[in-house]
Amino acid sequence: MSDQLSATRKAVAAAQRVVVKVGSSSLTTTKGGLDAARLAALVDTVARRVAAGGQVVLVSSGAIAAGIAPLGLRRRPKDLATQQAAASVGQQALAHAYAESFTRYDLTVGQVLLTADDVVRRGHYRNAQRTLNRLLGLGAVPVVNENDTVATHEIRFGDNDRLAALVSHLVGADALVLLSDVDALYDGDPRRGDASAIREINGDADMEGVRAGRTGASGLGTGGMASKVEAARVACSSGIPVLLTSAALADRALGPADVGTAFAATGSRLSARRFWLAHAAGANGRLWLDDGAVAAVVKRRRSLLAAGVTAVEGAFDGGDVVELVNPVGKVVARGVVAYDATELPDLIGRSTHELPAEQRREVVHADDLVPLR
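Residue numbering note: each chain is counted from 1, following its sequence as written. Per-residue local features are limited, in this predicted model, to residues with pLDDT of at least 70; the limit for side-chain atom pairs, both in listing and counting, is 80 or more; totals at the level of whole chains, interfaces and linings are taken over all residues. For side-chain calculations, the full set of non-hydrogen atoms in the structure is used, while hydrogens and water are omitted.

The chain is annotated in an unreviewed UniProt entry as Glutamate 5-kinase from Saccharopolyspora spinosa. UniProt positions are given in the numbering used here, feature names are shortened, and annotations may be inferred rather than shown by experiment. We quote the UniProt Catalytic activity (unreviewed entry) comment for the chain here in full: "L-glutamate + ATP = L-glutamyl 5-phosphate + ADP". Word for word, the UniProt comment on the chain under Function (unreviewed entry) is "Catalyzes the transfer of a phosphate group to glutamate to form L-glutamate 5-phosphate."

Visitor: Which residues make up the overall build of the chain, and what are the values?
Guide: Helix and strand definitions here come from DSSP, where helices need a minimum of 4 consecutive H or I residues and strands a minimum of 2 consecutive E residues; each element is numbered from the N-terminal end. Regarding its fold elements, the chain presents 11 helices and 15 strands. For every residue, the accessible area obtained with a 1.4 Å probe (protein chains only) is divided by the maximum for its type, and the residue is called buried under 20%, exposed over 50%, and partly exposed between those limits. Here the chain holds 373 residues, and the buried ones make up 50% of them. The contact rule is simple, with two residues in contact once any of their heavy atoms fall within 4.5 Å. For the chain, restricting intrachain contacts to residue pairs at least 6 apart in sequence, the fraction spanning at least 24 positions comes to 72%. Counting only carbon and sulfur atoms, one obtains 48% of the accessible surface of the chain, whose full area is about 16600 Å². Values of accessible area rely on a 1.4 Å probe in the Shrake-Rupley scheme; residue burial ignores everything except the protein chains shown.

Visitor: Please give an account of the sheet that holds strand S1 (residues 17-22) that cites residues and values.
Guide: The pairing criterion is simple: DSSP has to find at least two bridges between the two strands. Spatial strand order, S3-S4-S2-S1-S5-S9-S10-S8: 8 strands in an open sheet with mixed pairing. Strands at the two margins of the open sheet, each flanked by one partner only, are strand S3 (109-114) and strand S8 (200-201). Helix-sheet contacts for helix H1 (residues 7-14) involve strand S5 (175-180), S8, strand S9 (242-246) and strand S10 (261-263), and the interaxial angle to S10 is about 90°. Note on method: axes are straight lines fitted to C-alpha atoms, helices fitted across the in-contact stretch only, with angles between N-to-C directions ranging 0 to 180 degrees. Its contacts with the sheet put helix H2 (residues 36-51) on S1, strand S2 (55-60), strand S4 (141-146) and S5, and the angle it makes with S2 is roughly 155°.

Visitor: Help me get a handle on the UniProt feature "binding site: substrate" (unreviewed entry) in the chain, residues and values and all.
Guide: Mapped onto this structure's residue numbering, the UniProt feature "binding site: substrate" (unreviewed entry) falls at Ser61, Asp148 and Asn160. Along the chain, Ser61 falls in the loop between S2 and helix H3 (63-68). Aside from chain neighbours lying at most four places away, what touches Ser61 is Lys21, Val22, Gly23, Ser24, Leu27, Leu94, Asn145 and Asn160.

Visitor: Report on the packing of helix H7 (residues 160-170) against helix H8 (residues 224-236), specifying residues and quantitative values.
Guide: Interhelical geometry of H7 versus H8 gives an angle of 15° and a closest axis separation of 8 Å. Considering the angle they form, H7 stands roughly parallel to H8. Considering how the two elements wind past one another, H7 and H8 form a crossing that is right-handed. In this structure, H7 uses Asp161, Arg162 and Ala165 to contact H8, whose residues at the interface are Gly224, Ser227, Lys228, Ala231, Val234 and Ala235. Split into classes, the residues belonging to the contact of H7 with H8 amount to 4 nonpolar, 2 polar and 3 charged. Any angle that is under 35 degrees is reported as roughly parallel, and any over 145 degrees as roughly antiparallel; angles of 65 to 115 degrees are reported as roughly perpendicular and all others as oblique. Working rule for handedness: look at the near helix, and if it is turned counterclockwise from the far one by less than a right angle, call the crossing left-handed; if clockwise, right-handed. Residues are sorted three ways: Asp, Glu, Lys and Arg are charged, Ala, Val, Leu, Ile, Met, Phe, Trp, Tyr, Cys and Pro are nonpolar, and all the rest, Gly among them, are polar.

Visitor: Kindly report on the pattern of salt bridges, identifying the contributing residues and their values.
Guide: By convention in these notes, a salt bridge is any Lys or Arg side-chain nitrogen within 4 Å of a carboxyl oxygen on Asp or Glu. Tallied over the full model, the rule gives 8 salt bridges. A salt bridge links Asp35 to Arg38; the shortest N-O distance between them is 3.6 Å. On the accessibility criterion, Arg38 (41% relative accessible area) is partly exposed. Across the pair Asp258 and Arg252 runs a salt bridge whose closest N-O atoms are separated by 2.4 Å. With a relative accessible area of 18%, Asp258 lands in the buried category. According to the relative accessible area criterion, Arg252 is partly exposed, its value standing at 39%.

Visitor: Summarise the packing of H2 against helix H4 (residues 80-103); cite the residues concerned and give the values.
Guide: At a minimum axis separation of 10 Å, H2 and H4 run at an interaxial angle of 50°. Between H2 and H4, the interaxial angle falls into the category oblique. Along this stretch, H2 crosses H4, giving a crossing that reads as right-handed. Taken together, the residues of H4 that come into contact with H2 (itself represented by Leu39, Ala40, Leu42, Val43 and Val46) are Leu94, Ala97, Tyr98, Ser101 and Phe102.

Visitor: Outline the sheet that holds strand S11 (residues 285-289), listing residues and values.
Guide: Read across the open sheet, the 5 strands follow the order S12-S11-S13-S14-S15; overall the sheet is mixed. Two strands lie at the open edges of the sheet, namely strand S12 (309-314) and strand S15 (364-371), each paired on one side alone. Each neighbouring strand pair of the sheet contributes to a mean axis angle of 30°, computed without reference to strand direction. Running at roughly 110° to S11, helix H11 (residues 291-299) makes contact with S11, strand S13 (321-325), strand S14 (331-337) and S15 of the sheet.

Visitor: Can you explain H4? Please cite residues and give values.
Guide: One full turn of an α-helix is made of 3.6 residues, so residues set three or four places apart face in the same direction. One less than the residue count of a helix, multiplied by 1.5 Å, gives the span that helix is expected to have. If you check H4, its first and last C-alpha atoms are 34 Å apart, about what 24 residues at 1.5 Å a residue would give, namely 34 Å. For a residue, the bend is simply the angle between two axes, fitted respectively to the seven-residue segment ending there and the seven-residue segment starting there. If you look at H4, its biggest bend is around 25°, right at Gly90. Residues of H4 that are buried make contact with S1, H2, S2, H3, S3 and S4.

Visitor: Give me the lowdown on the side chain of Ser24, citing residues and values where you can.
Guide: Take Ser24: it is sitting in the loop between S1 and H2. In protein, a polar contact means a hydrogen-donor-capable atom and an acceptor-capable atom, both N or O and within 3.5 Å, with residues adjacent in sequence counting only if both atoms are side-chain atoms; elsewhere, any N or O pair within 3.5 Å suffices. Of the polar contacts made by the side chain of Ser24, one reaches the backbone nitrogen of Gly62; its length is 3.2 Å.

Visitor: Any chance you could break down H8 for me, citing the residues and the numbers?
Guide: An ideal rise of 1.5 Å per residue puts 18 Å on 13 residues; H8 measures up with 19 Å between its terminal C-alpha atoms. Counted residue by residue, H8 has 11 buried out of 13 residues, so it is predominantly covered. Taken as a whole, H8 has its buried residues at Gly224, Met225, Ala226, Ser227, Lys228, Val229, Ala231, Ala232, Val234, Ala235 and Cys236.

Visitor: Got a sec to walk through unusual backbone geometry? Specific residues and values, please.
Guide: For residues that are not glycine, phi is negative in most cases, and the peptide bond is trans in most cases. With a phi close to 55°, Asp106 is a non-glycine residue in the positive phi region. Its location among the elements puts Asp106 in the loop between H4 and S3. With a relative accessible area of 73%, Asp106 lands in the exposed category. In this model, Arg301 sits at a positive phi of 55°, which is unusual for a non-glycine residue. With respect to the element layout, Arg301 can be found in the loop between H11 and S12. When its relative accessible area of 54% is taken as the criterion, Arg301 is described as exposed.

Written out as structure tokens, the structure reads:
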């Protein structure tokens, strides 16, 4: 690592509010159960950052993995019911271990369990936001995890990397640190001798040719490097710099930030509503646009009118979130639709003056729309 740190690394090192995500493989043994020494080492690092005046939100995996050994399971379960059973046992063990370890520094832990529903539903999103901000204001360390005990395949986040990116925006974090069992992003499989670490990512062009795996070597997690890269993109596109490295290097990551791979912030901070529209809300359908409508929505940030819609896909009601796609099927924006899916077929392709007076409103208003990169 060069003695001259990049602006991204300096921003991570100076961040006052940081979200730290740690994976299952960094906290548990290969046979299941918590690794007390690893967890204590992570707590030591987080406590030092707090003692220096920072605020830390810890997004921690490990509940299912922690429940494997106590339940006498031989490996991570694949069926949903057993995963939920393991989570119910492991979540208790994980929360207790964090509370006990942070007590050494007179720090209080607040457990926050979320499902995808908690960020898809606008009211739940704001409730989670208020809770996390209040915990930080009271000097506590929020420990966030997906609520695997009640989450289903349909509503789960899929991995805590994406959850960490969403939480980063939720709390207005100055930086996101992703900790795993790999010390950096590599341009190939790091287990092979010909792969090289990528130290700086300043945009999508720097990711060309990089193939990130989807499963970890331990088999205990669900994310893999691909999900970490995607989480980094979500955070960076919203103005939050990201540092990715191994849990073994957490002390450096939360110190001078001179390890791992640094992802530069590529976008500006979005309002909570626009971020929710872009990354958190579930889409219930699609509207296909012609080229003129795409240009108006994406380049000129105008409202979407019925004249620019060419087709309707899905079943949705007015007030639902939908994806807006260009003529070749690429999603270019998301927004809150003003009509039910059953109303639109009679309106699409028609100019505003051709519509009945009661239907001369935008299909998606500019205030309820966010273009996507």
